[in-house]
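Observations on chain architecture
Spelled out from the first residue to the last, the chains are:
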Number of protein chains: 2
Amino acid sequence: MQRLAYETMRTTKDAPAPTIAEHKAAIQRENRRVTSYDVALVAGVSQSAVSRCFKPGASVSKHTYARVMKAADGLEYIPNAAARSLITRRSNMVAVIISNAANLFYPEALSELSKHVARGGKRVLLFTLHKESELDLVLNDVWQYQVDGVIAAATLSEAQVAEFERRRVPLVIFNRNLRGQAANTVACDQYEAGRALVSRLAAAGHRVFGMIDGAQDNAVASERRRGACERLAELGLPEAVIVRGNFDYASGKLGLREIIARSGGRVPDAVICGSDVMAIGCLDCARHELGLAVPAQLSVAGFDAVEASNWLSYNLTTLRHPMQQMTAAAAELLYSLIDNPGGAAEKRMFAPQFVEGATARLVALPPAAVSLAA
Amino acid sequence: MQRLAYETMRTTKDAPAPTIAEHKAAIQRENRRVTSYDVALVAGVSQSAVSRCFKPGASVSKHTYARVMKAADGLEYIPNAAARSLITRRSNMVAVIISNAANLFYPEALSELSKHVARGGKRVLLFTLHKESELDLVLNDVWQYQVDGVIAAATLSEAQVAEFERRRVPLVIFNRNLRGQAANTVACDQYEAGRALVSRLAAAGHRVFGMIDGAQDNAVASERRRGACERLAELGLPEAVIVRGNFDYASGKLGLREIIARSGGRVPDAVICGSDVMAIGCLDCARHELGLAVPAQLSVAGFDAVEASNWLSYNLTTLRHPMQQMTAAAAELLYSLIDNPGGAAEKRMFAPQFVEGATARLVALPPAAVSLAA
DNA sequence: TTGTATGCGTTATCAT
DNA sequence: ATGATAACGCATACAA
């Protein structure tokens, strides 16, 4: 300790320790932060003793601890996390990379993640993506902050995943299933969700399908579409008319009109939408603009089971992600990677839950009705 | 530089500079991070030269810059933000403290804040509150991380605001109007919003009001209530029947039933709800459960203008916060405080915008109808 | 249990 | 323009 530049440090061992109030005023005068040296000086102990008092489980005598804590409280001393992380190599920060779309679908996801991360004593440093293409720039920033781990609700390239390995930064991919990549993943099986939905609808006799897809580069939506399309093919049903949406209400409304237009004016048996919000748009368009009875004339289904899907005016047929479980699992997996690096990649895949709702007909029509429909 | 412990550093001035690949392998072997010393060694310059190359506007020759950047790219060197912040006293992090409820009302608020904060080169460190009472614990954590500033979408006590001053941490209070506190604030005038809504409804002849209030400790909702009640009193209208809600759909449904029960079975002229989601619950209850025509028999109004309020099935009468402007203003204000500390407190108050919608009758009834209603 | 000495990786100051 | 050196505030190995 040779900080003799500071007036407050100009104290030899023999000089009396300053009082808390005196020293605090001096620090204020010098316009600097309160450090562990200040606490040590006031408490009459060494700086390392102060440090130990703030480390859980360190060996400090009751007497020393009490003196230090009294001084620390009086000076309003708080350890500096930046300095600490420099030496411990732990920043106690976890980066969460989240694309805008993901955030809007699951308003609770971020808050839940934050809660679970906080439980382990770390905090969330937030990186939002407004286009998936910004990811490389954002990652560059992530490295700087020396975060202890990353939860990414975005689609990473293999090169990007590889950089995490090289830099030894634990990574959990959230709500994206990167097929064929050996990355730690917590996700919902979107492919299976697409298949399951088609199976249920087909079993009830739907034959002509329309689909309102998600935004172009969205991996979640394309997985669902793939599942749905493959299941349709397996069942020998005609290919679905697929139009592009961007997950919002307006694109659900437009999507239905476009499907009908592209089908020569015919209304399909069922429309599968890439999100609940689009499904709600589709539903409102069908009922209020086109005067179609749902589900009598048209079945509509969504994905996500957002809160609104459950409102009386909609009561949507949809598939629920077990978000609470997924966020808890993501935090847990990340912590285990941080504590124990270098294990094999683990994929925790959750099954989507079918929500019956009332916007899709889920029982087969009686024979008479079938002949009428045909 | 006396890091002679490292094999890779065991190089005197006369020894040849190692190649990028050699050095990188050595670093890997020693299982340590790439530092500016490594880059300096490979590039054949001093460590300070490397540092300058990463500081915009520093004076470095083209030749040196090129050599350094080549080495840095090859080694995948990224400056360590923790070390940097230790000396610059800038962490390039902004804490955002947000209570759960706030997050759920405005799914875009956090993402927008993050975007605006990122524009200035900083990132958001997220602190979520699950109860407002957790705030003291959370603040303790905030100090540790040495954030450059704080945006708090939560209600702070005077003592808490004072601690920000003492610690000289710039603070912007978001979407809360702390009356009488000299704190920097970006908010929407909730009191005025409450008044405005009552004024509009009263002008259209509504006389008997019910209110579904927000959660107990929520300052935003109580401001609105205060504005609404005071305006009612001014107009000489009867006191509103007020029931407590917790901002969610279910409490909107229950709230309407409770209001009617507490009014001896009479349906009020209008129900003012503390949030759109509650208003939607109230609306669904009125229409689907009680068979009331809205707005013919009952007017329903909300607050917030969330996306769903605009859906065809609802088309809610509500009040919009200019969220985009508010988030931009909050980030801007915080940056100005960081760059120029110690100015007088500034309050940026935005006016809520009335959204007519179709769930409240906004024109006076014709005389004949009035006599019928009376 | 306590204190001394050192290093974490950077920026800033000051010669050159 | 460049290099040597001193902070920044803390944790830790080691000696006492």
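Residues numbered from 1 in each chain as written. Chains lettered and ligands numbered in written order. Predicted model: local features only at pLDDT ≥ 70, side-chain atom pairs only at ≥ 80, totals over all residues. Heavy atoms only, no water.

A few points about the relation of the copies chain A and chain B
- With an RMSD of 0.1 Å, the operation that places chain A on chain B is a rotation of 180° combined with a shift of 0.1 Å along the axis. Expressed as an axis order, the relation between the two copies is that of a two-fold axis. Closest approach to the rotation axis among the C-alpha atoms of chain A is made by Leu 125 of chain A, whose C-alpha sits 2.1 Å away.
- Comparing interface residues between copies, 98% of those in chain A also lie at the interface in chain B; the contact surface is shared. (Least-squares fit on C-alpha atoms with pLDDT ≥ 70 in both. Contact = heavy atoms within 4.5 Å.)

What about the sheet that holds strand S8 (residues 270–273) of chain B?
Residues and elements named next belong to chain B.
- Strand order in the open sheet formed by four strands is S7-S6-S8-S9, with parallel pairing between adjacent strands. What marks the edges here is a single partner per strand, and that holds for strand S7 (241–244) and strand S9 (299–301). Recorded for the sheet is a direction-independent mean angle of 15° between the axes of neighbouring strands.
- Where strand S6 (residues 209–213) and S8 come together, four bridges link them in parallel fashion. For Met 211, the partnering residue across the bridge sits in S8 and is Ile 272. (Pairing = 2+ DSSP bridges. Helix = DSSP H or I, 4+ residues; strand = E, 2+ residues; numbered from the N terminus. Axes fitted to C-alpha atoms, helices over the stretch in contact; angles between N-to-C directions.)

Here's the deal with the packing of helix H2 (residues 36–43) of chain B against helix H4 (residues 62–75) of chain B
All names here are of chain B.
- One can describe the packing of H2 onto H4 by two numbers: an axis separation of 9 Å at closest approach and a directional angle of 120°. By the angle between their axes, H2 is oblique relative to H4. The handedness of the crossing between H2 and H4 is right-handed. Only Arg 67, Val 68, Ala 71, Ala 72 and Leu 75 of H4 make contact with H2, whose side of the interface consists of Asp 38, Val 39, Val 42 and Ala 43.
- For the contact of H2 with H4, the residue count by class is seven nonpolar, no polar and two charged. (Parallel < 35°, antiparallel > 145°, perpendicular 65-115°, else oblique. Left-handed = near helix turned anticlockwise from the far one by under 90°. Nonpolar A, V, L, I, M, F, W, Y, C, P; charged D, E, K, R; others polar.)

Examining the pattern of salt bridges
- Overall, the coordinates contain 42 salt bridges over all chains when judged by the stated rule.
- Arg 32 of chain A is the salt-bridge partner of Asp 38 of chain A, the closest N and O atoms lying 2.7 Å from each other. Here Asp 38 of chain A matches Arg 32 of chain A in class, with each residue buried.
- With a shortest N-O distance of 4.0 Å, Asp 213 of chain B and Arg 244 of chain B are connected by a salt bridge. Taken together, the positions of Asp 213 of chain B in strand S6 and Arg 244 of chain B in strand S7 put the pair 31 residues apart, joining distant regions of the chain.
- Residue Asp 213 of chain B is classed as buried on the basis of its relative accessible area of 6%.
- Overlapping salt bridges, with partners in common, bring together Lys 24 and Glu 76 of chain A together with Arg 166 of chain B in one network. (Salt bridge = Lys/Arg side-chain N within 4 Å of Asp/Glu carboxyl O. Buried < 20%, exposed > 50% of the residue type's maximum accessible area, 1.4 Å probe, protein only.)

A word on the packing of aromatic side chains
Residue and element names in this part refer to chain A.
- A full pass over the atoms with the stated rule returns 12 aromatic pairs over all chains.
- Between Phe 54 and Tyr 77, the aromatic rings sit 5.2 Å apart at their centres with planes inclined by 75°, giving edge-to-face as the arrangement. Taken together, the residues Phe 54 in the loop between helix H3 (47–53) and helix H4 (62–75) and Tyr 77 in the loop between H4 and helix H5 (81–88) connect sequence positions 23 residues apart.
- By relative accessible area, Phe 54 is classed as partly exposed at 26%. (Phe/Tyr/Trp six-rings, centres within 6.5 Å; stacked < 30°, edge-to-face > 60°.)

Some thoughts on the sheet that holds strand S7 (residues 241–244) of chain A
All names here are of chain A.
- Read across the open sheet, the four strands follow the order S7-S6-S8-S9; overall the sheet is parallel. Pairing within the sheet leaves two strands with one partner each, and these edge strands are S7 and strand S9 (299–301). When the angles between neighbouring strand axes are averaged without regard to direction, this sheet yields 15°.
- Sheet topology note: the strand S8 (residues 270–273)/S9 ladder contains three bridges and is parallel. When the bridges of S9 are listed, Val 271 appears paired with Val 300.
- Running over the sheet, helix H11 (residues 219–234) touches strand S6 (209–213) and S7 and is turned about 165° from S6.

A closer look at the protein's contact with DNA strand C
- Close contacts around DNA strand C come from 31 residues, with Ser 61, Thr 64 and Ile 87 of chain A together with Gln 47 and Ser 51 of chain B the closest.
- Within 4 Å of the protein, atoms of DNA strand C come from sugar and phosphate in 61% of cases.
- One of the side-chain nitrogen or oxygen atoms of Ser 48 of chain A is found 3.3 Å away from a base oxygen of DNA strand C.
- A distance of 2.8 Å is found between a phosphate oxygen of DNA strand C and a side-chain nitrogen or oxygen belonging to Arg 84 of chain B. (Near = heavy atom within 4 Å. Polar contact = N/O pair within 3.5 Å; in protein donor to acceptor, adjacent residues only side chain to side chain.)

What about the confidence of the model for chain A?
All names here are of chain A.
- In this model, chain A carries an average pLDDT of 90, and 93% of its residues clear a pLDDT of 70 or more.
- With pLDDT under 50 throughout, residues 1–5 is counted as low confidence; its partners more than four residues away or in other chains account for seven contacts.
- Per-residue pLDDT stays below 50 along residues 10–14; that stretch engages in four contacts with residues further than four places along the chain or on separate chains. (pLDDT = per-residue confidence, 0-100.)

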